Amino acid sequence: MTRATYLQTLKNGLFIFVESYQQQKILEVDERISSFMGQGKTEEEALQAIGNVEDYLSVIYQENHITYPISSPKKSFLITSYEQLFKTIRHVIDVMSHNSSKANAKILLDILILLGLTCIIKIPFILVRDLGDNMLDFFANPLMLNIWHLVVEVFYLVVAVTFFLNVFKKWFQNLKIHK
């Protein structure tokens, strides 16, 4: 977690308080982070020294005699997956904005390789489609052939999108800035 993310999460957790109180608490935490970093710690070490945002929010709520809402609403699998995907995309864009052109070329080459692998997955689906065509030619019904093609294409689409998104997240979520 970065300093900005930590502070934004803290601000989001303090939404029930007056804006001036929110800013006061955020400035206190920001100053604590700065003092830890002034002692030679990295940003990540400073955030670990301060502690978890949820724990810090719980302390603030207790100081103000308010019950802290412990559980947040559960998100569905799809929403969580898409949030992770967009977080990864934002990370890739951020890294690419700070990278050299050579490092960006490598990232683009990796994306092209991933697209190529996704296209190669189509080969078994083509074989299955053709096998089904040969078996359905016996009936000589074009509607059945069209339905068969649709089923195979939809199934390929689901597999290809799932493959691409999962590999994209794995490959690109830990990109580092190379200058």
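Predicted, not measured: the structure shown is a model, and the values here were computed from it.

Engineer: I would appreciate a short explanation of the packing of aromatic side chains in the present structure.
Structural biologist: Note on aromatic pairs: each is described by the distance of the centres and the angle between the planes. Overall, the coordinates contain 9 aromatic pairs when judged by the stated rule. Seen from their ring centres, Phe168 and Phe172 are 4.8 Å apart, and the 40° between their planes marks the pair as tilted. Here the residue Phe168 and the residue Phe172 both occupy positions in helix α8 (residues 142–172), the gap between them amounting to 4 residues, near one helical turn. Side by side, Phe168 and Phe172 carry an identical accessibility label, which is buried. Between Trp171 and Phe172, the aromatic rings sit 6.3 Å apart at their centres with planes inclined by 70°, giving edge-to-face as the arrangement. Exposure remark for Trp171: the relative accessible area of 40% places this residue in the partly exposed category. Three or more aromatic residues joined by ring pairs form one cluster here, namely Phe164, Phe168, Trp171 and Phe172.

Cut-offs used in this document
- Residues numbered from 1 in each chain as written.
- Predicted model: local features only at pLDDT ≥ 70, side-chain atom pairs only at ≥ 80, totals over all residues.
- Heavy atoms only, no water.
- Phe/Tyr/Trp six-rings, centres within 6.5 Å; stacked < 30°, edge-to-face > 60°.
- Helix = DSSP H or I, 4+ residues; strand = E, 2+ residues; numbered from the N terminus.
- Buried < 20%, exposed > 50% of the residue type's maximum accessible area, 1.4 Å probe, protein only.

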